[in-house]
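Tertiary structure, described
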Amino acid sequence: MYNETDLDKMYRNTAPPDREPERQYYFIEACRKKVREESERLGRPLTFCVTTFGCQMNARDSEKLTGILEQAGYQPAEEAEADFVIYNTCTVRENANLKVYGHLGLLKHRKKERPGMRIALCGCMMQEPEVIERLKKSYRFVDLIFGTHNIFKFAELLARSLYEGGQVIDIWQGTDKIVEDLPVERKYSFKSGVNIMFGCNNFCSYCIVPYVRGRERSRRPEDILKEIEALAADGVTEVMLLGQNVNSYGKTLEQPMTFAELLRQVEKIEGIRRIRFMTSHPKDLSDELIEVMRDSKKICRHLHLPLQSGSSRILKAMNRRYTKEQYLELAEKIRREIPDISLTTDIIVGFPGETEEDFQETLDVVRRVRYDNAYTFLYSKRTGTPAAAMENQVPPEVTKDRFDRLLALVQELAKEQTARFAGTVQEVLVEEVNDHRPGFLTGRMSNNLLVHFPGEAAQIGQYVNVRLEECKGFYYIGRVCYTD
Ligand code: 5AD
Ligand code: SF4
């Protein structure tokens, strides 16, 4: 049986420190030793692949997992070739869970052919007790399982798995801990997500997030600013501030602070040219925030403002704490103050008790707000949420029919909205080589729209002015515009 003294003998003759993050750095070294031994035995480097499901928060967590794996001596590879495969899971809708089980079926076969392979699972889905029961019973080939609250302990758990073997499972029910200064390996050199808070206190009645991500905790502003300054020094020019409900940032800090104030501070950091954030809850969006956005040169002209439903009755049942009228007023105020802003949203169809009239209210809001884009979801029943116990669940064929009608409207309006920029010149951040059109690059505008244009890979990470020549619905084809 593994214990700390064994590791101690094997590694350094010192016990692991109690303090974080020092403790995790100790275990990274311990992993490194094992990985080196195994590489020497095989005569080749050991490889890893992190696969991310779900949202931007998970994408950022995956960069943290990658940072630790690289420091432990693993090298990146495609999933099919990797010695260590880790799935960072999502559980917001049932489909997300089904996908993971599907992938695991394939991994089981691969592991039979490659006995040295290791498989780990983490993320939101692991915080569900039924999932853990099922994994324990029917997925014994998974080596390491941990959740959202103890992700900072990844190096320690990996060491345990490497030294001890067997199925290592560590799930916490919650935490108030935020561990700073662990390694991170960014996917892009020029842009980065930055967590500003974790968890959610809103308990929208359909949503499993508060149960799997825990109570709201804000990072201290000085830690956030220090991280962004370090990112800027490392060549990052665009940051995306991440939280389930960024508008309530800072309320639980020892010295409370508003999100708008945090934005003001981030704006001052030299080298940062663009600031984005995700996600805003309409009930907490303050006038102060609208002002800061309006007056800022760096905050992007894009706001994601989840509507969920346009019916005040359904919004009440969803526990969203705003009405249709309040939402419309807010959207109007934002458009009035920041006319060039792009608004995007999330909408759920088929929430329990939703009638055709309720659905018509949703269509009405979509027509009035004229979103630049909307992510539409079929309501998915999540065990443990209040909505799952509601009796009047909508039949799937009714939900599907509404979903199709909503999508058609959203697409029609989004196309019209996108077209309003045709012929203009926009500053874009060049993100990548376009895979579908040889010789083309893809860049992102401040308003989050993408444009494909001829260029060279060396321009990735640069800001260029692009004339938007042809609107293709949700994106543009353009040409770099040299003004001087
Ligand atoms: N069913 C369908 N969609 C959901 N979302 C959250 N929970 C559910 C659910 N149970 C959607 C919401 C949220 C987005 C991230 O996912 O629209 O804004
Ligand atoms: Fe879920 Fe609502 Fe929290 Fe968003 S605000 S994560 S929808 S509970």
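A brief structural summary. No experiment lies behind these values; they were computed from the predicted model shown. Every chain is numbered on its own, with residues counted from 1 as its sequence reads. Chain letters start at A and ligand numbers start at 1, both assigned in the order the entries are written. Local features are withheld for residues below a pLDDT of 70 in this predicted model, meaning they are given only at 70 or higher, and side-chain atom pairs are given and counted only at 80 or more; totals for whole chains, interfaces and linings count all residues. Side-chain descriptors were evaluated using all non-hydrogen atoms of the structure, hydrogens and water having been removed beforehand.

Digging into the overall build of the chain
Under the DSSP-based scheme used, a helix requires at least four consecutive residues in state H or I and a strand at least two consecutive residues in state E, with every element numbered from the N terminus. Helices and strands together make up the secondary structure of the chain, namely 14 helices and 19 strands. Its C-alpha radius of gyration of 24 Å places the chain within 12% of the 23 Å reference for a compact globule of 484 residues. Projected onto the principal axes, the alpha-carbon positions of the chain cover approximately 65 × 65 × 50 Å. The burial tally for the chain puts 55% of its 484 residues in the buried class. We compute the radius of gyration from the C-alpha atoms alone; for a globule the expected value is 2.2 Å times N to the 0.38, where N is the number of residues. The rule is simple: take the accessible area with a 1.4 Å probe, protein chains only, and divide by the maximum for that residue type; under 20% is buried, over 50% is exposed, in between is partly exposed.

What to know about the pattern of salt bridges
In the sections that follow, a salt bridge refers to a side-chain nitrogen of Lys or Arg positioned within 4 Å of a carboxyl oxygen of Asp or Glu. Counting across every chain of the model gives 47 salt bridges. Between Lys226 and Asp181 there is a salt bridge whose closest N-O contact spans 3.9 Å. On the criterion of sequence distance, the pair formed by Lys226 in helix H8 (residues 221–233) and Asp181 in the loop between strand E6 (168–170) and strand E7 (191–195) is long-range, its members being 45 residues apart. Residue Lys226 is classed as partly exposed on the basis of its relative accessible area, which comes to 47%. In this structure, the salt-bridge partner of Asp287 is Lys333, at a minimum N-O distance of 2.7 Å.

Here's the deal with the site of ligand 1
Neighbouring residues are identified by heavy atoms, a residue being near a molecule or strand if any of them is within 4 Å of it. Around ligand 1, the neighbouring residues are Val92, Arg93, Tyr206, Gln308, Asp346, Ile348, Phe377, Leu378, Tyr379, Ser380 and Arg382. A distance of 2.8 Å separates an oxygen atom of ligand 1 from a polar atom in the side chain of Arg93. Contacts described as polar in this section are N or O atom pairs within 3.5 Å, which, within protein, must combine one atom able to donate a hydrogen with one able to accept it, while residues neighboring in sequence count only if both atoms come from side chains. Within the backbone of Tyr206, an N or O atom sits 3.0 Å from a nitrogen atom of ligand 1. Residue burial considers only the protein chains on display, and all accessible areas are found by Shrake-Rupley using a 1.4 Å probe. About the coverage of ligand 1: the protein hides 86% of its 400 Å² of free accessible area.

Let's talk about the sheet that holds strand E10 (residues 238–242)
By definition, two strands form a pair when at least two bridges between them are found by DSSP. Spatially, E7-E10-E11 is the arrangement adopted by the three strands of the open sheet, whose pairing is parallel. Two strands lie at the open edges of the sheet, namely E7 and strand E11 (274–278), each paired on one side alone. Each strand axis lies, on average, 25° off the axis of its neighbour in the sheet, ignoring direction. Relative to E11, E10 runs parallel, the two being bridged by five bridges. Considered in E11, the bridge of Glu238 is made with Arg274. Contacts are assigned to residue pairs that have any heavy atoms within 4.5 Å of one another. Every axis corresponds to a line fitted to the C-alpha atoms, with the helix fit spanning only the stretch in contact, and the corresponding angles, defined between N-to-C directions, vary from 0 to 180 degrees. Each of E7 and E10 touches H8; the most contacted strand, E7, lies at about 170° to it.

Looking at the sheet that holds strand E5 (residues 144–146)
With respect to topology, six strands assemble into an open sheet ordered E2-E1-E3-E4-E5-E6, the strand pairing being parallel. Here the strands that pair on one side only, and so sit at the sheet edges, are strand E2 (75–76) and E6. Each of strand E3 (84–89) and strand E4 (118–123) is contacted by helix H4 (residues 94–113), which is oriented at about 170° to E3, the strand it contacts most.

A closer look at the side chain of Asn58
With respect to the helices and strands, the residue Asn58 is situated in helix H3 (residues 56–71). Contact partners of Asn58, with chain neighbours within four places excluded, come to Thr52, Phe53, Asn88, Thr89, Cys90, Cys124 and Arg213.

Topic: the state of the cysteines
Disulfides are defined as pairs of cysteine sulfur atoms found within 2.5 Å of each other. Within this structure, the stated rule accounts for zero disulfides. With no disulfide partner, Cys471 has as its closest neighbouring cysteine sulfur the one in Cys481, 18 Å distant. The exposure class of Cys471 is partly exposed, given its relative accessible area of 27%. A relative accessible area of 16% places Cys481 in the buried class.

Let's talk about the pairing of strand E1 (residues 47–52)
Counting buried positions over the six residues of E1 gives five, a clear majority of the element. Pairing of E1 with E2 involves two bridges; the strand directions are parallel. Looking at the pairing, Phe48 lines up with Pro76 of E2. Here the term right-handed applies to a crossover when the path leading from its first strand over the helix to its second strand runs clockwise, the strands being oriented away from the viewer. Following the backbone out of E1, through H3 and into the adjacent parallel E2, one traces a crossover that is right-handed. In the sheet, E1 pairs with E3 via five bridges, with the strands oriented parallel. In the sheet register, Thr51 faces E3, and the bridge partner there is Tyr87.

As for the site of ligand 2
Lining the immediate surroundings of ligand 2 are Cys200, Asn202, Phe203, Cys204, Tyr206, Cys207, Val209, Pro210, Gln244, His281 and Arg320. Classes in brief: Ala, Val, Leu, Ile, Met, Phe, Trp, Tyr, Cys and Pro nonpolar; Asp, Glu, Lys and Arg charged; the others, Gly included, polar. Grouping the constituent residues of the shell around ligand 2 by class yields seven nonpolar, three polar and one charged.

Some words on the packing of helix H12 (residues 324–337) against helix H13 (residues 356–369)
Two numbers describe how H12 lies on H13: the axes approach to 11 Å, and their chain directions differ by 10°. Here H12 lies roughly parallel to H13, going by the angle between them. Across from Lys324, Tyr327, Leu328, Ala331 and Arg335 in H12, the residues of H13 making contact are Glu361, Asp364, Val365, Arg368 and Val369. In the contact of H12 with H13, the residues fall into five nonpolar, no polar and five charged. Oblique is the label for every angle not falling under 35 degrees (roughly parallel), over 145 degrees (roughly antiparallel), or within 65 to 115 degrees (roughly perpendicular).

Some words on H4
Because each turn of an α-helix spans 3.6 residues, side chains separated by three or four positions in sequence point in the same direction. Expected helix span is computed as 1.5 Å times (number of residues minus one). The end-to-end C-alpha distance of H4 is 30 Å, a good match for the 28 Å that 20 residues give at a rise of 1.5 Å each. Along H4, the positions that sit buried rather than exposed are Ala96, Asn97, Val100, Tyr101, Leu104, Leu107 and Lys111. Within H4, the buried residues cover an arc of 130° as seen down the axis, which keeps them to one side. Pointing more than 90 degrees away from the buried face of H4 are the exposed residues Asn95, Lys99, Leu106, His109 and Glu113. Tucked into the core, H4 has its buried residues touching E3, E4 and helix H5 (129–138). Directions drawn from the helix axis to the C-beta atoms are what define this arc.

Some details on the layout of surface pockets
The space that makes up the second largest pocket amounts to roughly 810 Å³. Only protein atoms enter the 1 Å grid, on which a cavity is a set of points fitting a 1.4 Å probe that cannot get out and a pocket is an open set with protein on both sides within 12 Å along at least 5 of 7 lines, lining residues being those with an atom within 4 Å of a point. In terms of lining residues, the second largest pocket is bounded by 34 residues, among which Lys64, Val179, Leu182, Val184 and Glu227 are the most central. Elements with a contribution of two residues or more to the lining of the second largest pocket: H3 and H8. Of the residues belonging to the lining of the second largest pocket, the class tally is 13 nonpolar, six polar and 15 charged. Grid points are joined across faces, edges and corners, and a volume is the space filled by probe spheres set on the points.

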